[in-house]
Amino acid sequence: MEELNPNHLPFELTKEFLEDIRLLIENQANEELLLKLDELFPADITHILIELTTEEAKYLVLLIDTKLAAEIISTLDSDDRKKFLKNFTSKEIAQYINVIDSDDAVDILNEQPVKVREEVIALLKDREQARFIIDLMHYDEDCAGGLMQKELIKINISQTVTECVEEIRKQAEDVEKVYSVYVIDDDGKLLGTVSLKKIILAKRGSKIADVYEDDEIVSVQTYASGEEVADLMQKYDLEAIPVVNIQGRLLGRITIDDVVDFITESAQEDIQVMAGISEDVEEDDSVWLLVRSRLPWLIGGMVGSFLAAKIIDRFDDTISILPAISAFIPLIGSTGGNVGIQSSSLIVQSLADKSGLDTTLWKRLQKVLLVALINALIASIFAFGCSLLVDSGQIMLSMTVSLSLFAVVMLASLMGTITPLVLNQLKINPAVASGPFITTTNDILGYGVYFLIVYWLL
């Protein structure tokens, strides 16, 4: 990948620049077009492609260098890439698959129809690349096997440093980033690593066995989840992590850029779930898909609101006798919802952080209840003072509102804590506990508690 120049200003796509590109494409001014794109990074060109028509974008991709074009295609968003590559023949796709990392190649091919996928693999000139792709297609995309790439540099422990240098030179074209060399035995089992620094400083004729690091090497097995991989790489500050099978044989490696992509996608999914969007969607998706992704939670929220309205209606007689209590309904609902979301968000965050010691359920509850108690006391005292100002002299009403708010804050904190923990134990994404689910549930419980306390005290 092209290195960033510290003096290079961030590219900003303007309408004028885009119009210039379109005009050059229309006039087929290839030399001027290539000159204009020469100073841009692949990610900048990707940004331009998205704004062009399909025909214009294809013309541009076919014009530029194959390796650069392959990198640009691999950085496209999955949905955009799928639509874009529909306009390419299997032979045209194969020329790009030939020159990119095997993990990126698998991602692209998995988006294609089965017929296209098989045609592309059959057309690949690099048969080792074809074998790598077929091996990786067996793995789920979110596990270590699906995230890894087969391209790496490995050396047998019995070989010399000189032979290792020759191996690096030989594979430099296929392996884009060399962080270290993996040391294996005759059976292909991973024994350790040897850094490039040690290879350079080693005496001529030295054996790999004398310079490699055989300390406890951090590796993952093919079935490890993407979350486990990300946690390990973060914990040990790794730029790449080797992937082994159950017998310890080296199969591939996962680089930091692939883990960053995985973390970004996972975070986007969690944000959508917390916002009440049930499918992985983007702004430019079809209207029906956007509607379908949002409607389930909207309907669920409406059902919850109808139940809350029913609770309020159940105490209609109480409200008619003491209308002032209706003024505090929004206070009870919004406070309970906010407290519930705060509590659930913190629990979801702690469940996602595997770097510390695992905290027992009881310790979690103790801490949450202590925080809830302090918050509830302060909120209830504040509510007591404010209600006295609103309804001067209504001390009993103010006490009722204050006590209700105390109970609602405690209950919402408990619900916001327990719900994600239970969902996590049931292997359900705990992020679904946040947002609409907690807010709606706390509305129902909060109104019920409020009116029961009002009924008992007033």
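Residues numbered from 1 in each chain as written. Predicted model: local features only at pLDDT ≥ 70, side-chain atom pairs only at ≥ 80, totals over all residues. Heavy atoms only, no water.

**Points about the overall build of the protein**
Stated formally: Helix and strand definitions follow DSSP, with helices as H or I runs of at least four residues and strands as E runs of at least two, each counted in order from the N terminus. Residue burial is assigned from relative accessible area. The probe radius is 1.4 Å, only protein chains are included, and a residue is buried under 20% of its type maximum, exposed over 50%, and partly exposed in between. Residues count as neighbours in contact if any of their non-hydrogen atoms are within 4.5 Å of one another. Methods summary: accessible areas were calculated by the Shrake-Rupley approach with a probe of 1.4 Å, and residue burial reflects only the protein chains presented.
Along the protein, the regular secondary structure elements total 22 helices and six strands. Out of the 458 residues belonging to the protein, those deemed buried represent 41%. Here the contacts in the protein between residues at least 6 apart in sequence split such that 65% fall between residues at least 24 apart. For the protein, the exposed surface amounts to about 26300 Å²; the carbon and sulfur share of it is 57%.

**Some points on the sheet that holds strand β2 (residues 180-184)**
Strands in a sheet are paired, the pairing made by backbone hydrogen bonds, and the direction either parallel or antiparallel. Under the convention used in this document: Pairing between two strands requires that DSSP report at least two bridges joining them. Between the N-to-C directions of two axes lies an angle of 0 to 180 degrees, each axis being a line fitted to C-alpha atoms and, for a helix, fitted only over the stretch in contact.
Strand order in the open sheet formed by three strands is β1-β2-β3, and the pairing between neighbours is mixed. The sheet terminates laterally at β1 (154-156) and β3 (190-195), the two strands that pair on one side only. Across the sheet, the mean angle separating the axes of adjacent strands is 35 degrees when strand polarity is ignored. As defined by bridge partners, β1 adjoins β2 across three bridges and the pair is classed as parallel. Residue pairing in the sheet places Asn 156 in a bridge with Ile 184 of β2. Relative to β1, helix α12 (residues 161-171) is tilted by about 150 degrees, and along the sheet it contacts β1 and β2.

**Observations concerning the packing of aromatic side chains**
Our working rule: By convention, a stacked pair of Phe, Tyr or Trp rings (six-membered ring in the case of Trp) has centres within 6.5 Å and planes under 30 degrees apart, an edge-to-face pair has planes over 60 apart, and any other such pair is tilted. The rule for a charge over a ring is simple: NZ of Lys or CZ of Arg within 6 Å of the ring centre, and within 35 degrees of the ring normal.
The tally for this structure, following the rule as stated, stands at five aromatic pairs. Between Tyr 450 and Phe 451, the ring centres sit 5.2 Å apart and the planes meet at 55 degrees, which makes this aromatic pair tilted. Exposure class is identical for Tyr 450 and Phe 451. Each is buried. A network of ring pairs unites the aromatic residues Phe 315, Tyr 450, Phe 451 and Tyr 455 as a single cluster. Between the NZ or CZ atom of Lys 58 and the centre of the ring of Phe 88, over which it lies, the distance is 5.1 Å.

**A short note on the nonpolar core**
Applicable threshold: Here the nonpolar core consists of buried residues drawn from Ala, Val, Leu, Ile, Met, Phe, Trp, Tyr and Cys, with membership extended through side-chain atoms lying within 4.5 Å.
Counting 54 residues, the largest nonpolar core has Ile 48, Leu 52, Ile 97 and Ile 254 as the members making the most contacts within it. If we ignore the near neighbours within four places in the chain, the residues touching Ile 97 are Ala 105, Ile 108, Leu 109, Val 120, Leu 124, Gln 129 and Ile 133.

**Things to note about the pattern of salt bridges**
Here is the rule: The working definition used for a salt bridge is a side-chain nitrogen of Lys or Arg within 4 Å of a carboxyl oxygen of Asp or Glu.
Taken as a whole, this structure holds 10 salt bridges when the rule is applied. In this structure, Arg 22 and Glu 19 form a salt bridge, with 3.6 Å as the shortest nitrogen-oxygen distance. Highlighted residues: Arg 22 and Glu 19, both in helix α1 (residues 15-26), separated by three residues, approximately one helical turn. Salt bridges here are not isolated pairs; linked through shared partners, they connect Glu 19, Arg 22 and Glu 56.

**Looking at the pairing of β3**
As defined by bridge partners, β2 adjoins β3 across five bridges and the pair is classed as antiparallel. For Ser 180, the partnering residue across the bridge sits in β3 and is Ser 195.

**Topic: the pairing of strand β6 (residues 250-255)**
Counting buried residues along β6, five of its six residues qualify, which places the element largely inside the surrounding structure. As paired strands, strand β5 (residues 240-244) and β6 are joined by five bridges and run antiparallel to one another. By the bridge assignment, Val 243 is partnered in β6 with Gly 252. Linking two consecutive strands that pair antiparallel, namely β5 and β6, is a turn of five residues; a positive phi of about 90 degrees is found at Gly 248 within it.

**Section: unusual backbone geometry**
Notably, Gln 28 is not glycine yet its phi reads approximately 55 degrees, a positive angle. Topologically, Gln 28 is positioned in the loop between α1 and α2 (30-37). Overall, the relative accessible area of 55% leaves Gln 28 in the exposed class. Even without a glycine there, the phi angle at Asp 237 is positive, about 55 degrees.

**Digging into the sheet that holds β5**
The strand order β4-β5-β6 describes an open sheet built from three strands, whose pairing is mixed. Of all strands in the sheet, those bounded by a partner on one side alone are β4 (220-221) and β6. Its contacts with the sheet put helix α15 (residues 226-235) on β4, β5 and β6, and the angle it makes with β5 is roughly 135 degrees.

**Observations regarding the UniProt feature "transmembrane region" (unreviewed entry) in the protein**
Which entries qualify depends on this criterion: UniProt positions are given in the numbering used here, feature names are shortened, and annotations may be inferred rather than shown by experiment.
The positions that UniProt labels "transmembrane region" (unreviewed entry) are, in the present scheme, residues 295-312, 324-348, 368-390, 402-423 and 435-457. Between the end C-alpha atoms of residues 368-390 the distance is 32 Å, and the span holds 100% helix and 0% strand. This span, residues 402-423, is 100% helix and 0% strand, and a straight line between its end C-alpha atoms measures 32 Å.

**Notes on a negative patch on the surface**
Under the convention used in this document: Patch building starts from residues that exceed 30% relative accessible area and form no salt bridge, then joins like charges within 9 Å and nonpolar side chains (Val, Leu, Ile, Met, Phe, Trp, Tyr) within 5 Å. Under the convention used here, Asp and Glu are negative, Lys and Arg are positive, and both His and the chain ends fall outside the count. To locate a charge, the coordinates of NZ of Lys, CZ of Arg, CG of Asp or CD of Glu are taken.
On the surface, a cluster of negative charge is contributed by Asp 107, Asp 140, Glu 141, Asp 142, Glu 176, Glu 227, Glu 228, Asp 257, Asp 261 and Glu 265. Put simply, the parts of the chain that give the negative patch at least two residues each are α15 and α16 (256-274). Element by element, the count of residues in the negative patch is highest for α16, at three residues. Note that Glu 176 resides in the loop between α12 and β2. You can call Glu 176 partly exposed: its relative accessible area is 41%.

**Notes on helix α10 (residues 127-136)**
Since the α-helix packs 3.6 residues into each turn, any two residues three or four apart lie on the same face. Our working definition: As used here, the arc belongs to the directions running from the helix axis to the C-beta atoms. Polar contacts, as counted here, are pairs of nitrogen or oxygen atoms within 3.5 Å of one another; within protein the pair requires one atom able to donate a hydrogen and one able to accept it, and residues that are adjacent in sequence qualify only if both atoms are side-chain atoms.
Restricting attention to buried positions, one finds in α10 the residues Gln 129, Ala 130, Phe 132, Ile 133 and Leu 136. Buried residues in α10, looked at end-on, bunch into an arc of 160 degrees, giving them a common side. Looking at the buried side of α10, the elements it contacts are α7 (90-97), α8 (102-110), α9 (114-123) and α11 (144-147). Its side-chain oxygen 3.1 Å from the backbone nitrogen of Glu 128, Asp 126 forms the N-cap of α10.

**A closer look at the side chain of Asn 98**
Secondary-structure assignment places Asn 98 in the loop between α7 and α8. Separated by 3.1 Å, the side chain of Asn 98 and the backbone nitrogen of Asp 126 make a polar contact. Every residue in contact with Asn 98, bar those within four places of it in the chain, is listed here: Leu 124, Lys 125, Asp 126 and Gln 129.

**Digging into helix α3 (residues 42-51)**
The complete set of buried residues in α3 reads Pro 42, Asp 44, Ile 45, Thr 46, Ile 48 and Leu 49. Of the surrounding secondary structure, the elements contacted by the buried residues of α3 are α1, α2, α4 (54-63) and α5 (66-75).

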